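Structure assessment
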Amino acid sequence: LSDEDDQSARTQKYVTDFMDSIKVKWLDGTRSWSMNFIGVLSDTPQCRTYNNYSDPGLFYMGIADASNGAKESICSADYTTAVSNIRRRITQILTDYRLDKLPLVSSISVSVNGQPVPQNSDNGWSYISEKNIVRFNGSYIPAADAIIKIDFTPAEAN
């Protein structure tokens, strides 16, 4: 949360490399960490802070983009949506289930604590083929201690 860009001598590459050294990338090469940013997104008259100040957080936005994080405006009168979007992104990172093989999508079955979860992108599970993950949605997002079971036939088996 900032009303100005980073003023340090650090580069975006330095920060992303440092974070990558702490949090190893997923097997598919995507980052296993996320930076989210609430700040000035663009230099416009509609987004000014104290004394008509505006300094877009380009450094922070670059790291958020590199880590697939959320970017939200500090100039909003209500941060409810911003915080909800960041929360949703963090929850996705924590609950996305990475598959070890490409599935025959029609064969995927998902259960949480022994209860079947419907395939539904609003309230259930969805398959994100670009990342080979099962994503939980709505009221089916599992709790931290949930037992998740995902069965599927590998696509290569056909």
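Above this text you will find the structure in question.
Residues numbered from 1 in each chain as written. Predicted model: local features only at pLDDT ≥ 70, side-chain atom pairs only at ≥ 80, totals over all residues. Heavy atoms only, no water.

**Re the state of the cysteines**
Scanning the entire structure with this criterion turns up 1 disulfide. The partner cysteine of cysteine 47 in its disulfide is cysteine 75, sulfur to sulfur 1.7 Å. Because the sign of the S-S torsion sets the handedness, a value of about 75 degrees for the bond joining cysteine 47 and cysteine 75 places this disulfide among the right-handed ones. Separated by 28 residues along the polypeptide, cysteine 47 in the loop between β1 (37–39) and α2 (58–66) and cysteine 75 in the loop between β2 (71–73) and α3 (80–95) bring together distant segments of the chain. (Disulfide = S-S within 2.5 Å. Helix = DSSP H or I, 4+ residues; strand = E, 2+ residues; numbered from the N terminus.)

**Remarks on the sheet that holds strand β4 (residues 109–112)**
As summarised here, the arrangement of the 3 strands in space is β5-β4-β8, forming an open sheet in which the pairing is antiparallel. Sheet topology places β5 (115–117) and β8 (148–151) at the edges, where each strand pairs with a single neighbour. The mean angle between the axes of side-by-side strands here comes to 30 degrees, regardless of whether they run parallel or antiparallel. Pairing analysis gives 4 bridges linking β4 to β8, with the strands arranged antiparallel. Bridge assignment links serine 111 to a residue of β8, and that residue is lysine 149. (Pairing = 2+ DSSP bridges. Axes fitted to C-alpha atoms, helices over the stretch in contact; angles between N-to-C directions.)

**Re the packing of helix α1 (residues 12–22) against α2**
Contact geometry of α1 with α2 gives a least axis separation of 10 Å together with a crossing angle of 40 degrees. What the angle tells us is that α1 and α2 run oblique. In the crossing of α1 with α2, the sense of the turn from one axis to the other is right-handed. Taken together, the residues of α2 that come into contact with α1 (itself represented by Gln12, Val15 and Thr16) are Leu58, Phe59, Gly62, Ile63 and Ala66. Split by residue class, the contact of α1 with α2 holds 5 nonpolar, 3 polar and no charged. (Parallel < 35°, antiparallel > 145°, perpendicular 65-115°, else oblique. Left-handed = near helix turned anticlockwise from the far one by under 90°. Contact = heavy atoms within 4.5 Å. Nonpolar A, V, L, I, M, F, W, Y, C, P; charged D, E, K, R; others polar.)

Purely geometric numbers; function is a separate question.
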